[in-house]
Amino acid sequence: MEVTFISIDQKNHKIEYKAIAKQDGNGISFSDKSCENTVIYLKIKENKLHLLRQGEVTMEMEFIPKEKTKGYYQNQLGLSFEFDVYCSLCIIKDERIDVHYEMILEDGTTNKQKLAFIIN
């Protein structure tokens, strides 16, 4: 199976790529082509989505519509921090997942993101 990953930030910067995905029970995994030696794992749990990036970058987020959750980021240079995730939209269909969220840092800085995963 193939997945198309699309990420658009609040400044309209776009990352888009296709990758071969593997089915993992109630989720999928695929290489993160935006970061070497990193894999993205998506787990679908009812109406929420759990995203884990593992490798040169480790990042974990859970997207639950209209709820704030905790997220975590760490890279190989030693940068690590926790943040809040506010998910305004999480639509999960058989062939497409759409997520709109805000990453809220400790100092109140926010970064809005839109993610799409198109599964073929």
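Scroll up a little and you will see the structure.
It should be emphasised that the depicted structure is a prediction, and the values quoted were computed from it without experimental measurement. (Residues numbered from 1 in each chain as written. Predicted model: local features only at pLDDT ≥ 70, side-chain atom pairs only at ≥ 80, totals over all residues. Heavy atoms only, no water.)

> Just to check I follow, could you spell out the overall build of the protein chain for this structure?
Assigned secondary structure in the protein chain consists of 0 helices and 10 strands. Each helix (α) and strand (β) of the protein chain, taken in turn from the N terminus, gives the series β-β-β-β-β-β-β-β-β-β. In summary, the protein chain has a C-alpha radius of gyration of 14 Å against a globular reference of 14 Å for 120 residues, a match within 12%. With the principal axes as the frame, the protein chain shows a C-alpha extent of 40 × 35 × 30 Å. Relative to its 120 residues, the protein chain shows a buried fraction of 41%. Across the protein chain, every contact between residues at least 6 apart in sequence was considered, and the portion connecting residues at least 24 apart equals 23%. Carbon and sulfur atoms make up 47% of the accessible area of the protein chain, which amounts to about 7200 Å² in all. Put simply, the protein chain has 16 plus and 19 minus side-chain charges, and the middle of one group is 4 Å from the middle of the other. (Helix = DSSP H or I, 4+ residues; strand = E, 2+ residues; numbered from the N terminus. Rg over C-alpha atoms; globule rule 2.2 N^0.38 Å. Buried < 20%, exposed > 50% of the residue type's maximum accessible area, 1.4 Å probe, protein only. Contact = heavy atoms within 4.5 Å. Areas by Shrake-Rupley, 256 points an atom, 1.4 Å probe, with all protein chains shown as cover. Lys, Arg positive; Asp, Glu negative; His and termini not counted. Charge placed at Lys NZ, Arg CZ, Asp CG, Glu CD.)

> Quick question: what am I supposed to make of the sheet that holds strand β4 (residues 38-45) here?
The strands making up a sheet associate through hydrogen bonds between their backbones, and the pairing can be parallel or antiparallel. The 10 strands lie next to each other as β1-β2-β3-β4-β5-β6-β7-β8-β9-β10, forming a closed barrel whose pairing is antiparallel. With direction set aside, neighbouring strand axes in the sheet form an average angle of 25°. With 8 bridges joining them, β4 and strand β5 (residues 48-55) adopt antiparallel strand pairing. When the bridges of β5 are listed, threonine 38 appears paired with glycine 55. (Pairing = 2+ DSSP bridges. Axes fitted to C-alpha atoms, helices over the stretch in contact; angles between N-to-C directions.)

> How should the layout of surface pockets be read in this particular structure?
Sizing a probe to match a water molecule and rolling it over the atoms shows the empty space that remains. For the largest pocket, the calculated volume is near 390 Å³. Ser7, Arg53, Met59, Tyr101 and Gln113 are, among the 20 residues lining the largest pocket, the residues nearest its centre. Where the lining of the largest pocket is concerned, the elements lending two or more residues are β1 (2-9), β2 (14-24), β5, β6 (57-63), β9 (96-104) and β10 (110-119). Looking at side-chain class alone, the lining of the largest pocket contains 11 nonpolar, 5 polar and 4 charged residues. (1 Å grid on protein atoms, 1.4 Å probe; cavity = no way out; pocket = protein on both sides within 12 Å on 5 of 7 lines; lining within 4 Å. Points joined across faces, edges and corners; volume = space filled by probe spheres on them. Nonpolar A, V, L, I, M, F, W, Y, C, P; charged D, E, K, R; others polar.)

> I tried to follow the pairing of β9 on my own but got confused; where do I start?
Within a regular strand, the side chains alternate between the two sheet faces. As defined by bridge partners, strand β8 (residues 80-92) adjoins β9 across 8 bridges and the pair is classed as antiparallel. When the bridges of β9 are listed, leucine 89 appears paired with histidine 100. Linkage of β8 to β9, two consecutive antiparallel strands, is achieved through a turn of 3 residues. Strand direction decides the pairing type here: β9 and β10, joined by 9 bridges, are antiparallel. Opposite aspartate 98, over in β10, you have alanine 116 as the bridge partner.

> Looking at this structure, how should I read unusual backbone geometry?
Trans peptide bonds make up the majority, and among non-glycine residues the majority have a negative phi. The backbone of asparagine 12 shows a phi angle near 70°, a positive value even though the residue is not glycine. The residue asparagine 12 is located in the loop between β1 and β2 in this model. Exposure remark for asparagine 12: the relative accessible area of 62% places this residue in the exposed category. Although it is not a glycine, asparagine 37 sits at a positive phi angle of roughly 55°. Within the fold, asparagine 37 resides in the loop between β3 (27-31) and β4. Of the residues examined, asparagine 37 reaches a relative accessible area of 59% and is grouped as exposed.

The values reported here are purely geometric and, on their own, carry no functional implication.
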